[in-house]
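# Summary of structural features
Here are the chains, one letter per residue:
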Amino acid sequence: MSGRTHAGACPERTCVGCRERAAKTELLRIVAIKDACVPDPRGTLPGRGAYVHPAQVCLDQAVRRRAFTRALRAPGVLDTKVLRRYVEQMTVAEQATP
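The text that follows walks through the structure, step by step, so that each part is easy to find. (Residues numbered from 1 in each chain as written. Predicted model: local features only at pLDDT ≥ 70, side-chain atom pairs only at ≥ 80, totals over all residues. Heavy atoms only, no water.)

Counting its secondary structure elements, the chain contains three helices and five strands. Along the chain, helices (α) and strands (β) appear in the sequence β-β-β-β-β-α-α-α when read from the amino end. Oriented by its inertia axes, the alpha-carbon framework of the chain measures out at about 55 × 40 × 25 Å. Residue burial in the chain is summarised as follows: out of 98 residues, 31% are buried. Taking the contacts inside the chain whose residues are at least 6 apart along the sequence as the reference set, 52% of them involve residues at least 24 apart. Accessible area of the chain: about 6,900 Å², with a carbon and sulfur share of 53%. A distance of 8 Å separates the average location of the 17 positive side-chain charges in the chain from that of its 9 negative side-chain charges. (Helix = DSSP H or I, 4+ residues; strand = E, 2+ residues; numbered from the N terminus. Buried < 20%, exposed > 50% of the residue type's maximum accessible area, 1.4 Å probe, protein only. Contact = heavy atoms within 4.5 Å. Areas by Shrake-Rupley, 256 points an atom, 1.4 Å probe, with all protein chains shown as cover. Lys, Arg positive; Asp, Glu negative; His and termini not counted. Charge placed at Lys NZ, Arg CZ, Asp CG, Glu CD.)

Rendered as structure tokens:
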């Protein structure tokens, strides 16, 4: 035996809000389009991406630390209104499903 496991490796990313490592599937990919942070749930939008837990706490920490601007290498401040609305909708949807 070679000692290899048959389970596939799960890619990990770091949340820019809380700085914890998690599976890529547990995090939400964010991209910068013009001057705004836009959620990319399917992970198919072009450009540099940053990852954050889809939770209000992590989003607030990332905004306060200006982590999106650094991670996405964007000049200036990025607008997070669309991203906040998306995270709020995800939170409401998770609470509605038992």
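This brings us to the nonpolar core. Residues Val-16, Ile-30, Cys-37, Val-52, Phe-68, Leu-72 and Leu-83 are the most contacted members of the largest nonpolar core, which totals 20 residues. Going through the elements one at a time, strand S3 (28–33), strand S5 (49–52), helix H1 (56–64), helix H2 (67–71) and helix H3 (81–96) are the ones with two or more residues in this core. Discounting chain neighbours no more than four positions away, the residues touching Val-52 are Cys-15, Val-16, Gly-17, Leu-27, Leu-28, Ile-30, Cys-58, Leu-59 and Phe-68. (Core = buried A, V, L, I, M, F, W, Y, C linked by side-chain atoms within 4.5 Å.)

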